[in-house]
Amino acid sequence: MQPERELRWLGRFSIPGIFDGEHSLNIEPLGANRVRFIQSETFRGILVPFSGAILNDTEQSFQEMNQALREHAEQTR
């Protein structure tokens, strides 16, 4: 983990192992004035197989946030 380039946390629903999500945001330098932003989340726990709709909504929200972040970054160059 690189403190200047990565933010990571673990979220839990109630008891560990029921529904856990490890979320991370990473920034990778690509050269002068360019970076790659990577957002990911890994879900674990006994409720994950039954959470398809929630996970799909979560993924859609991440994609929307990524697009908004990209548009903001490109406007402020």
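Up top you'll find the structure we're talking about.
All residue numbers here refer to positions counted from 1 along the written sequence of the relevant chain. Given that this is a predicted model, residues contribute local features only at a pLDDT of at least 70 and side-chain atom pairs are listed and counted only at 80 or more, while totals for whole chains, interfaces and linings are drawn from all residues. Side-chain descriptors were evaluated using all non-hydrogen atoms of the structure, hydrogens and water having been removed beforehand.

A. A look at the pairing of strand β2 (residues 20-31). Where strand β1 (residues 6-12) and β2 come together, seven bridges link them in antiparallel fashion. Considered in β2, the bridge of arginine 12 is made with aspartate 20. DSSP bridges decide pairing: two strands pair if at least two such bridges lie between them. A run of H or I in DSSP becomes a helix once it reaches four residues, and a run of E becomes a strand once it reaches two; helices and strands are each numbered from the N terminus. Across eleven bridges, the pairing between β2 and strand β3 (residues 34-44) is antiparallel. Its bridge partner lying in β3, glycine 21 is registered against phenylalanine 43. Hairpin connection from β2 to β3: two residues lie between these consecutive antiparallel strands, with asparagine 33 at a positive phi of about 60°.

B. Geometry of unusual backbone geometry. One non-glycine residue, serine 14, lies in positive phi territory at about 65°. Following the sequence through the fold, serine 14 ends up in the loop between β1 and β2. For every residue, the accessible area (1.4 Å probe, protein chains only) is compared with the maximum for its type, and the residue is labelled buried under 20%, exposed over 50%, or partly exposed between those bounds. The class of serine 14 is exposed, set by a relative accessible area of 60%. Phi angles above zero are rare outside glycine, and asparagine 33 is one such case at about 60°. Structurally, the position occupied by asparagine 33 is in the loop between β2 and β3.

C. Focus on the sheet that holds β1. The sheet built from three strands is open, its strands ordered β1-β2-β3 with antiparallel pairing. Of all the strands in the sheet, just β1 and β3 have a single pairing partner and so form its edges. Pairwise comparison of adjacent strand axes, ignoring direction, gives a mean angle of 15° for this sheet. Contacts from helix α1 (residues 52-75) reach β2 and β3, with the element oriented near 165° to β3. Whenever a helix is involved, its axis is fitted only over the stretch in contact; in every case the axis is a line through C-alpha atoms, and angles between N-to-C directions fall within 0 to 180 degrees. Whether two residues touch is decided by their heavy atoms; if any such pair falls within 4.5 Å, the residues are in contact.

Keep in mind that these numbers describe shape and distance, not what the molecule does.
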